[in-house]
Amino acid sequence: MRCYVFPGQGTQKKGMGRSLFGRFPDLRRRADRVLGYPIEELCLENPERRLSDTAYAQPAIYVVNALHWSAAQEDLPPADFFAGHSLGEYSALFAAGAFDFETGLTLVRRRAELMSEVSGGAMAAVVGLSEQTVQQTLEQHGATGVVIANYNAPEQFVLSGSREELARIKPVFEQVEGVRGFVPVRVSGPFHAPAMAPAADRFRSLLASVEVGELRTPVISNVTGRPFGPDAQEVRDLLADQIARPVRWTDCIRYLRDAGVSAFTELGESKVLTSLIDRITTALDAAPDAEAKPARQPEEEPAPDPRQALIERIKREILQPEIGDEALAFDEDASFRQLGLNSIIYVRLARRAGTVLGVPIKPDVIFQHRSCAALADYLLTRDDIAGAAAPEASPAPLREYQDERVTALLRDCANGTLTVDRTIEAIRALA
């Protein structure tokens, strides 16, 4: 089973949606009418650095998520579930048919305005500690005004509270054994915390007049970690509650795994959720009877799958040099059209494929087999390529430093969980 997930605030960046605005001009025009300003200019040029402002960032992310969803409807197979992280939940509900694009954007715009009006608070990510340790540390040091706002992964939590309290407990957490970072989150207020209750109440009044349709595909609620029910009022209540209550992302992914989902595809401008999901599913796989299972001996390791190895080579050696790190997390069944490639890029991809595999490849081959999986299947049927598809030696691992906390932070940076700036800040804090 397959689930599409949508990211939330924090993923905004200059240039977002660049490859998709021209592909879906009607969506852009509809967004401009609702917002009263050119959304493409905001996303591509970021005038006056407005994308750092909650009131602009949230509508921009919703629109770009909608662009990615429009592309997915043309390029990807149907989903069995949807989920979204915080703001991303509105994209999931739009995709499932709860409301139309304009209604969702109107809600997001008002939500952003209300949330941006709550000042005096902040958020910070704690990486490397269990939920129990985080809660005990808060209680032992009297940080009663600080709460866990995001349960992002088994050892990644976001705290929300006053700036003064977060500043006070920052050095406390940095001394806790096992911590890999205490990193401020660049938001304008204490989101998903009791301080947002007034904004949630005002938003609830707006939601009362919004018609909510029947969901065509189940959507997982951040508040409950379970699917939204069929009652429209329940959907309204949970959307209002979400502003002042924590995002239980780990519970959402746990439910989806239990429901049989094995493929998660992130639609949007980042792969942050992909990294979090990898962490959650890895922890879930390791949890049952972990101590009872004997360690697998080297000779028991399964033989490499030539097809999967070739797919990874296509991503790493052919796509990544042309489109960047987005290639590494690109769904193997997704159409290259989703990347907005032009004819020149197809020619360059064909040349690179020929260099990597040691045999000539025509651009038409790349164009006709428009996904990594389809291209791999075709290449494996050619005798002149099958031998070149054998997996190569694994790349060297990250250098292991004496301080394992530094190594862990570098791994978080490498897989996209932490940005370079935040990684540097966290390493400096350890020093």
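Whatever comes next refers back to the structure up there.
As the structure is a prediction and not an experimental result, all values here were calculated from the model.

Caption draft 1: Highlighting unusual backbone geometry. Phi is positive for R49, close to 55°, though the residue is something other than glycine. With a phi close to 55°, H192 is a non-glycine residue in the positive phi region. Counting through the fold element by element, H192 comes out in the loop between β6 (181-185) and α8 (197-207).

Caption draft 2: How the structure looks around helix α1 (residues 25-35). Turning to α1, its buried residues number three or more, namely L27, A31, V34 and L35. Relative to the axis of α1, the buried residues are bounded by an arc of 85° and lie together on one face. For α1, the elements touching its buried residues are α2 (39-45), α3 (54-75) and α5 (101-116). Taken from the residues just after α1, G36 is the one with a positive phi, measuring 80°.

Caption draft 3: Broad picture of the nonpolar core. With 95 residues, the main nonpolar core has I39 and F82 as its most contacted residues. Element by element, the count of residues in this core is highest for α3, at 10 residues. Those residues in contact with I39, other than ones at most four positions away along the chain, are F21, R28, A31, D32, A60 and V63. Grouped together as the second largest cluster of nonpolar side chains are 18 residues, A122, V146, Y151 and I169 included.

Caption draft 4: Seen up close, the packing of α1 against α5. For the pair α1 and α5, interaxial distance at closest approach is 10 Å and the crossing angle is 40°. Classified by the angle their axes make, α1 and α5 are oblique. The crossing of α1 and α5 is right-handed. On α5, the residues that touch L27, R30, A31, V34 and L35 of α1 are F101, E102, L105, T106 and R109. Of the residues in the contact of α1 with α5, the class split is six nonpolar, one polar and three charged.

Caption draft 5: Quick peek at the pairing of strand β3 (residues 121-127). A large share of β3 lies buried, amounting to seven of its seven residues. Side chains of β3 alternate between two faces, with G121, M123, A125 and V127 and A122, A124 and V126 buried alike. Strand direction decides the pairing type here: β3 and strand β5 (residues 156-162), joined by seven bridges, are antiparallel. When the sheet's bridge partners are listed, V126 is paired in β5 with F157. Examined bridge by bridge, β3 and β6 share five bridges and lie antiparallel to one another. Note on β6: the bridge partner recorded for V127 is G181.

Caption draft 6: How the structure looks around the packing of aromatic side chains. The full count for this structure, using the stated rule, is 11 aromatic pairs. Among the aromatic residues, those joined into a cluster by ring pairs are Y4, F6, W69 and F82.

Caption draft 7: The arrangement of the side chain of D241 in detail. By the element assignment, D241 lies in helix α9 (residues 232-244). With relative accessibility at 18%, the residue D241 sits in the buried group. Excluding anything up to four places from it in sequence, D241 contacts R204 and V223.

Caption draft 8: Up close: the sheet that holds strand β2 (residues 81-84). Spatial strand order, β7-β2-β1-β8: four strands in an open sheet with parallel pairing. Only two strands of the sheet have a single neighbouring strand rather than two, namely β7 (219-220) and β8 (263-266). Bridge count for strand β1 (residues 2-6) against β8 is four bridges, and the pairing is parallel. In the strand pairing of β8, Y4 is matched with T265. Where helix α4 (residues 88-96) meets the sheet, its contacts fall on β1, β2 and β7, and the angle it forms with β2 comes to roughly 155°.

Caption draft 9: Seen up close, helix α6 (residues 131-140). Taken together, the buried positions of α6 are V134, T137 and L138. Taken around the axis of α6, the buried residues stretch over an arc of 100°, which confines them to a single face. Facing away from the buried surface of α6 by more than 90 degrees, the exposed residues are Q132, E139 and Q140. Residues of α6 that are buried in the fold lie against β3, β4 (147-153), β5 and α7 (163-174). Where α6 terminates, the next one or two residues include G142, which has phi positive at roughly 65°.

Caption draft 10: Seen up close, the pairing of β2. Burial of β2 is two-sided: the residues F81 and A83 facing one way and the residues F82 and G84 facing the other way are all buried. Two strands pair when backbone bridges link them, and β1 and β2 are joined in this way by four bridges, in the parallel orientation. Among the inter-strand pairings, Y4 is bridged to a residue of β2, identified as F82.

Caption draft 11: A look at the side chain of Q58. On the secondary structure map, Q58 appears in helix α3. A distance of 2.8 Å separates the side chain of Q58 from the side chain of Q9, its partner in a polar contact. The residues contacting Q58, other than those within four sequence positions of it, are Q9, L87, V108, R111, A112 and M115.

Cut-off values and rules
Residues numbered from 1 in each chain as written. Predicted model: local features only at pLDDT ≥ 70, side-chain atom pairs only at ≥ 80, totals over all residues. Heavy atoms only, no water. Helix = DSSP H or I, 4+ residues; strand = E, 2+ residues; numbered from the N terminus. Buried < 20%, exposed > 50% of the residue type's maximum accessible area, 1.4 Å probe, protein only. Arc of directions from axis to C-beta. Contact = heavy atoms within 4.5 Å. Core = buried A, V, L, I, M, F, W, Y, C linked by side-chain atoms within 4.5 Å. Axes fitted to C-alpha atoms, helices over the stretch in contact; angles between N-to-C directions. Parallel < 35°, antiparallel > 145°, perpendicular 65-115°, else oblique. Left-handed = near helix turned anticlockwise from the far one by under 90°. Nonpolar A, V, L, I, M, F, W, Y, C, P; charged D, E, K, R; others polar. Pairing = 2+ DSSP bridges. Phe/Tyr/Trp six-rings, centres within 6.5 Å; stacked < 30°, edge-to-face > 60°. Polar contact = N/O pair within 3.5 Å; in protein donor to acceptor, adjacent residues only side chain to side chain.

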